[in-house]
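In case you want the letters, here they are:
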Amino acid sequence: MALRLVSDFDLGKDVLPWLRAQRAALVAAGAGGGGPGVLENNYESLRVLNVERNGNIIYTYKDDKGNVFFGLYDYQTKQNEHLYTFEKDLQVVSCSVNRERTLLAASLVQAAKEGRRNELQPGSRCLTLLVEIHPINNVKVLKAVDSYIWVQFLYPHVESHPLPENHLLLISEEKYIEQLHIQVTQEDGNRVVIKNSGHLPRQRVAEDFVWAQWDMSEQRLYYIDLKKSRSVLKCIQFSADEHFSLMFEAPLDVSLSDSGFKLVNFGYDDLQDQEKLSKHPTLCVFTNHTGSLCVCYCPNFDSWEQITYSVLYFHKGHGKTFTATLGRVDSRVTKGITFLSLDYYVAVYLPGHFFHLLNIQHPDLICHSLFLTGNSEVIDMLPHNPLQSLSGSLVLDWGSGKLYRALLNQSYLLEFLWNTRLDCEKLALLHCVLSCGRDPRRLEAKIIQWISENISACHSFDLIQEFIIASSYWSIYPETSNMDKLLPYSSLLTWDTEIPGITLVTEEIPLPLMKVHSFKGYWEKLNSNLEYVKYSKPHLHYNNSVVRREWHSLISEEKKGKRRSTVYVRNILDNAIKVISNLEARNLEPRLTPLFQEEDNHQRLLMGLMVSELKDHLLRHLQGVEKKKIEQMVLDYVSKLLDLICQILEASWRKHNLHPWVLHFNRRASAAEFAVFHIMTRILEATNSLFLPLPPDLDNTEKNEKVKFSIIVRLPPLTGQKICRLWDHPVSSNIISRNHVKQLLQNYNKQPRSSMMDKSSFSVEFLPLNYFIEILTDIESSNPALYAFEGRDNVDAKFVEEAALKHTTMLLGL
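About the cut-offs
Going along each chain's sequence as written, the residues are numbered from 1 onward. Local features in a predicted model are, by the rule used here, given only for residues with pLDDT of at least 70; side-chain atom pairs are given and counted only at 80 or more, and totals for whole chains, interfaces and linings are based on all residues. Only hydrogens and water are set aside when side-chain values are computed; all heavy atoms of the structure are taken into account. Note on pairing: two strands pair once DSSP finds at least 2 bridges between them. Elements are defined by DSSP. Helices are runs of H or I of four residues or more, strands are runs of E of two residues or more, and each kind is numbered from the N terminus. Only centres within 6.5 Å qualify two rings of Phe, Tyr or Trp (six-membered ring in Trp) as a pair; their planes then separate them into stacked at under 30 degrees, edge-to-face at over 60, and tilted for everything else. Burial status follows relative accessibility: with a 1.4 Å probe on protein chains alone, a residue under 20% of its type maximum counts as buried, one over 50% as exposed, and anything between as partly exposed. Only when the NZ atom of a Lys or the CZ atom of an Arg is both within 6 Å of the ring centre and within 35 degrees of the ring normal do we say a charge sits over the ring. Throughout this description, the term nonpolar core refers to a set of buried Ala, Val, Leu, Ile, Met, Phe, Trp, Tyr and Cys residues connected via side-chain atoms within 4.5 Å. Whether two residues are in contact is decided by their heavy atoms, any of which lying within 4.5 Å being enough. Note on geometry: axes are lines fitted to C-alpha atoms, helical ones only across the stretch in contact, with angles between N-to-C directions running from 0 to 180 degrees. The scheme is simple: roughly parallel for angles under 35 degrees, roughly antiparallel for over 145, roughly perpendicular for 65 to 115, oblique for anything else. For a crossing to be left-handed, the near helix must be turned anticlockwise from the far one by less than a right angle; the clockwise case is right-handed. Only Asp, Glu, Lys and Arg are considered charged in this grouping, and only Ala, Val, Leu, Ile, Met, Phe, Trp, Tyr, Cys and Pro are considered nonpolar; every other residue, Gly among them, is considered polar. As used in this structure description, the phrase polar contact means that two N or O atoms lie within 3.5 Å; if the pair is within protein, one of them must be able to donate a hydrogen and the other to accept it, and residues adjacent in sequence are counted only when both atoms belong to side chains. As a per-residue quantity, pLDDT reports the predictor's confidence and falls between 0 and 100. Criterion for a salt bridge: a side-chain nitrogen of Lys or Arg within 4 Å of a carboxyl oxygen of Asp or Glu. Working rule for helices: expected span equals 1.5 Å times residues minus one.

Trainee: Teacher, can you tell me more about the sheet that holds strand 16 (residues 220–227) here?
Mentor: Paired through backbone hydrogen bonds, the strands of a sheet run either parallel or antiparallel to each other. Here six strands make up an open sheet; going across it, the order is 19-15-16-17-18-32 and the pairing mixed. Either end of the sheet is taken by a strand with one partner, and the two such strands are strand 19 (262–264) and strand 32 (513–514). In the sheet, strand 16 pairs with strand 17 (residues 230–238) via eight bridges, with the strands oriented antiparallel. Following the sheet pairing, Leu221 is matched in strand 17 by Ile236.

Trainee: Looking at this model, I keep getting lost on the packing of aromatic side chains. Mind explaining?
Mentor: Each aromatic ring pair is specified by the distance between its two centres and by the angle formed by the two planes. Inspection of the entire model under this criterion finds 24 aromatic pairs. When the centroid spacing of 6.1 Å and the interplanar angle of 80 degrees are considered together, the rings of Tyr148 and Trp150 count as edge-to-face. Of the two residues, Tyr148 and Trp150, both sit in the buried class. Joined through ring pairs, the aromatic side chains of Tyr148, Trp150, Phe209, Tyr223 and Phe261 make up one cluster. Over the ring of Tyr148 we find Arg125; its NZ or CZ atom is 4.3 Å from the centre of that ring. The side chain of Arg220 reaches across the aromatic face of Tyr522, ending 4.2 Å from its centre.

Trainee: How should the nonpolar core be read in this particular structure?
Mentor: Where a protein is soluble and globular, its nonpolar side chains tend to be buried together. Among the nonpolar cores identified, the biggest contains 127 residues, and Tyr309, Phe339, Phe354, Phe355, Leu357 and Ile447 are the most heavily contacted of them. A per-element tally of this core places helix 13 (residues 627–655) first, with 14 residues. Among residues more than four places away in sequence, those in contact with Ile447 are Leu414, Leu430, Val433, Leu434 and Phe467. Judged by nonpolar contacts, the second largest core, of 57 residues, contains Val48, Val184, Phe238 and Trp398.

Trainee: Even after reading the chapter, I still don't get unusual backbone geometry, so can you show me in this structure?
Mentor: Leaving glycine aside, a negative phi is the common case for residues, and trans is the common case for peptide bonds. Cis geometry marks the peptide bond from His134 to Pro135; its omega dihedral reads -5 degrees. For Pro135, the location among the structural elements is in the loop between strand 8 (126–133) and strand 9 (136–145). At Arg101, a residue that is not glycine, the phi angle is positive and equals roughly 60 degrees. Inspection of the secondary structure assignment puts Arg101 in the loop between strand 6 (90–97) and strand 7 (103–110). The phi torsion at Asn265 lies on the positive side, around 65 degrees, for a residue other than glycine.

Trainee: What is the right way to read the packing of helix 10 (residues 545–559) against helix 12 (residues 601–621) from this model?
Mentor: Helix-helix packing: each pair is described by the crossing angle between the helix axes and the interaxial distance. Closest axis-to-axis distance for the helix 10/helix 12 pair is 10 Å, and the angle between their directions is 140 degrees. Our classification of the angle between helix 10 and helix 12 gives oblique. As for the relative orientation of helix 10 and helix 12, their crossing is right-handed in sense. For the pair formed by helix 10 and helix 12, the contact residues are Val546, Val547, Glu550, Trp551, Leu554, Ile555 and Glu558 on the first element and Asn601, His602, Leu605, Leu606, Leu609, Met610 and Glu613 on the second. Here the residues of the contact of helix 10 with helix 12 sort into nine nonpolar, two polar and three charged.

Trainee: Got a minute to help me understand the side chain of Gln213 in this structure?
Mentor: Structurally, Gln213 can be placed in strand 15 (residues 209–215). A polar atom in the side chain of Gln213 sits 2.8 Å from the backbone oxygen of Val285. Discounting residues that sit within four places of it in the chain, Gln213 has contacts with Arg220, Leu221, Tyr222, Val264, Asn265, Phe266, Leu283, Cys284 and Val285.

Trainee: Can you help me understand the pairing of strand 23 (residues 318–325) in this one?
Mentor: Every regular strand shows the same layout, with side chains that alternate between the two sheet faces. Pairing of strand 22 (residues 306–313) with strand 23, which is carried by eight bridges, proceeds in the antiparallel orientation. Counterpart to Thr308 in the pairing with strand 23 is Thr323. Taking the residues that link successive antiparallel strands as the turn, the strand 22-strand 23 hairpin has four residues, and the phi of Gly317 there is positive, at about 85 degrees.

Trainee: Would you take a moment to explain the packing of helix 4 (residues 410–419) against helix 5 (residues 423–436) for this structure?
Mentor: Where helix 4 meets helix 5, the axes come as close as 9 Å, and the angle between the chain directions of the two elements is 155 degrees. Between helix 4 and helix 5, the angle is such that the two are roughly antiparallel. Relative to helix 5, helix 4 is oriented so that their crossing is left-handed. Contact with helix 4, carried on its side by Gln410, Leu413, Leu414, Phe416 and Leu417, involves Glu425, Lys426, Leu429, Leu430, Cys432, Val433 and Cys436 of helix 5 and no other residues of that element. Of the residues in the contact of helix 4 with helix 5, the class split is nine nonpolar, one polar and two charged.

Trainee: Where do I start with the confidence of the model for the chain in this structure?
Mentor: Do not read the fine detail of predicted coordinates wherever pLDDT is low. Residues with a pLDDT of 70 or more make up 83% of the chain, whose mean pLDDT is 83. Segment residues 33–37: pLDDT under 50, and twelve contacts once partners within four positions in sequence are set aside and those in other chains are kept. Counting contacts from residues 272–279, a segment whose pLDDT is below 50, to residues more than four positions away or on other chains yields 15 contacts.

Trainee: Hey, could you run me through the environment of His541 in this one?
Mentor: When you line up the elements, His541 lands in the loop between helix 9 (522–535) and helix 10. Relative accessible area serves as the criterion here: at 33%, His541 is assigned to the partly exposed category. The sequence separation of His541 and Leu487 amounts to 54 residues, and the corresponding C-alpha distance is 5.1 Å. Once residues within four sequence positions are removed from consideration, His541 is found in contact with Asp484, Lys485, Leu486, Leu487, Pro488 and His617.

Trainee: Before we go on, may I ask you to explain the pattern of salt bridges in this structure?
Mentor: Side-chain pairs of opposite charge can arise whenever the charged atoms involved come near each other. Under the defined criterion, the tally for this structure stands at 26 salt bridges. Ionic pairing is found between Arg101 and Asp74, a salt bridge with its closest N-O pair at 2.2 Å. Linking Arg101 in the loop between strand 6 and strand 7 with Asp74 in the loop between strand 4 (68–73) and strand 5 (80–86), this pair joins segments that are 27 residues apart in sequence. Where Lys316 meets Asp484, a salt bridge forms, and the shortest distance between an N and an O atom there is 3.5 Å. One end of the pair, Lys316, is in the loop between strand 22 and strand 23; the other, Asp484, is in helix 8 (residues 483–486), and 168 residues separate them in sequence. When its relative accessible area of 23% is taken as the criterion, Lys316 is described as partly exposed. The exposure class of Asp484 is buried, given its relative accessible area of 7%. Among the charged side chains, a salt-bridge network with shared partners connects Lys143, Glu178, Arg202, Arg204 and Glu207.

Trainee: I'm lost on the sheet that holds strand 6 in this one. Help?
Mentor: Strands sit in the order 6-7-8-9 across an open sheet of four strands; the sheet is antiparallel. If you trace the sheet from one side to the other, it starts and ends with strand 6 and strand 9, each paired once. Ignoring strand direction, the axes of neighbouring strands in this sheet form an average angle of 20 degrees. Across seven bridges, strand 7 lies against strand 8 in antiparallel orientation. Each residue of the ladder has a partner; that of Ser107, found in strand 8, is Thr128.

Trainee: Where do I start with helix 5 in this structure?
Mentor: An α-helical turn contains 3.6 residues, so any two residues separated by three or four positions project in the same direction. Its 14 residues place the ends of helix 5 20 Å apart at the C-alpha level, agreeing with the 20 Å of an ideal helix rising 1.5 Å per residue. In terms of burial, helix 5 is largely enclosed, as 14 of its 14 residues are buried. Gly437 occupies a position one or two residues after helix 5 and carries a positive phi of about 70 degrees.

Trainee: Just to check I follow, could you spell out the pairing of strand 3 (residues 57–62) for this structure?
Mentor: Within strand 3, six of the six residues are buried, which leaves it mostly tucked inside the rest of the structure. Neither face of strand 3 is open: one carries Ile57, Tyr59 and Tyr61, the other Ile58, Thr60 and Lys62, and all of them are buried. Sheet topology places strand 2 (residues 47–51) next to strand 3; four bridges connect them, and they run antiparallel. For Arg47, the partnering residue across the bridge sits in strand 3 and is Thr60. Between strand 2 and strand 3, which pair antiparallel one after the other, the connecting turn spans five residues, and Gly55 there sits at a positive phi close to 90 degrees. Of the strand pairs in this sheet, strand 3 and strand 4 are connected by six bridges, and their pairing is antiparallel. Bridged to Tyr61 within strand 4 is Phe69. Linking strand 3 back to strand 4 in an antiparallel pair, the connection comprises five residues, with Gly66 at a positive phi of about 90 degrees.

Pasting the structure below:
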């Protein structure tokens, strides 16, 4: 399927066998029915509670007596560990463990069983505890209240030594968030106890919010509060010490009720008030390492004919609202729409109905995102259980207790690329598989094979152009930030063709207001993206128009006998030599086709100018990147462009088992040669509009004239005639004349003629030619409309006469 779910953890495989082994060991030892780690027949109570930043997974289960056990699966060692047992029949709301596994925080509520006495303190519904577990010792009640509480330890980026202070978030159903500062100390060797258990300092982090999301990997808290009935998204970044910072505020045009309350990624959430949850849309925030910031949401819907959802690309300054037609009205659906983060993409899908893979780096054109609907096999193979996107590519299936890494299935998407018929899907899939970045050489070979077999199958874009630009972009993009703003991503600037099954509306959105002035890491990249949206108009994407002008200027000066400074020209040619050297280093075996190996000064000037202009472009706009690194990136990028051209031609050559220099143009072409020649013409067409250094300009020397003429005569007649009209040369005139004469004489009926001719009408005393031209003139005058040469009104008997005289003169060496 399009999504590849790689299993990282499975309760049934990674925990349950260990629990059964624990029970078997106790039974063999003659232990009674109870005890830590013992699970009788209550396996269905086993569920995941939380996933911490280091990947450790906290789970819970009950024995037959209702005692609550907490366990931990170590993501690194793949080992299980019993943490704590709470010997009362309660239901767990939330649980978290600090990095050193010395403290456990948990909140519990009365189990929903009739006739049960209240196990909690009088007047309270939820009990929040802080437990010393290294070794198991004191238990401190943090809260005993009538509202639900969720707990989350912070995991700062620090060295491996134990921290003297831990920080715990308490998230209340009463719409506030507190941070507790917990100092610990060691006693009697390794025994860890809470130092200030009598009074834990508290700090209010947020209040009056209606929605909150926890990013465990980046230690960020996103929340929404309502100011004058308007939703405002805020983000708090927690640092290694007790400090935290409000990073930004961003207005959201979404409808939320202040009576609702929704938490995302704070653990198992089945205990949240479902009636209140129904008043909230599905909403989540996704970021990635490039500085992107996306808010995805879908309002509640009651129509199964269509669904509307929005993605706000804050890092691009606009949002898109999509309306998708549901593929099968009668099919059963899950709880609702699913949003998943997939690095450069966000997946939006409703199993059985549609799958939308949104390009968040380049969201401007809908054709760069993949939308599938209806009875597609891809739709049927999507996971039907609701998945929760945790952080990065991690997703959790709460129902089954399985943790996955969600990846794009490159092999499946590549296979889909071969079979799809729609141009929009071909374009989206091409970019999607290239973005995966796994084994690029092998991937490029497969795409080139697909291109060679579908060269004429695309009508909305040039396959070769798009592949060359996109593959070159992805080869250099990961090396530094901001390359998505400076290098071309696609050959397309607009897309007006409708995408079946979906419509969209694009709107500008207010940019987030950054609340700090010093940025590092992700925040520096996000701020750079926002600054670009604010101030960079028009776009800064590089193109070869400057190269085109400069190259034509250099060639023109050369023809007029003028020359630029020797140093300037030498530097340009040196750039070309470096590119060719880099190009040769990419291939260990000699090429079948001798591209870029000829000593062609004009071609090398163009190649060197590309390096020079692109380097200047990046030096102007890439801040904080060393000049040497930029020079190497430019060299790699230009070399990649040319290498891809060589790969396309080489693949075609090998496919048809042609040997080097097989196209001598001195005999009739085989089917294989014609197929390769067709690919060559498409390469020329693609590279010409991109203004890449291919092909070298052939002048009209005798050798080159023979090559040109031999190509023309082997083309299909109509194609050859069109080319002749573009080539201003005696050989071309000769071909045009022959075609004109052939057309005039093919229906000619010889009539008796007068032997007397008006010699004043002829400029040459050459009787056979004079007589022949007179016949042609008579035929033309008898029916001029019938014999007008298509596209060349000035082709007549006089033109034929001049062409014949020039040709004869050439043959006689005069």
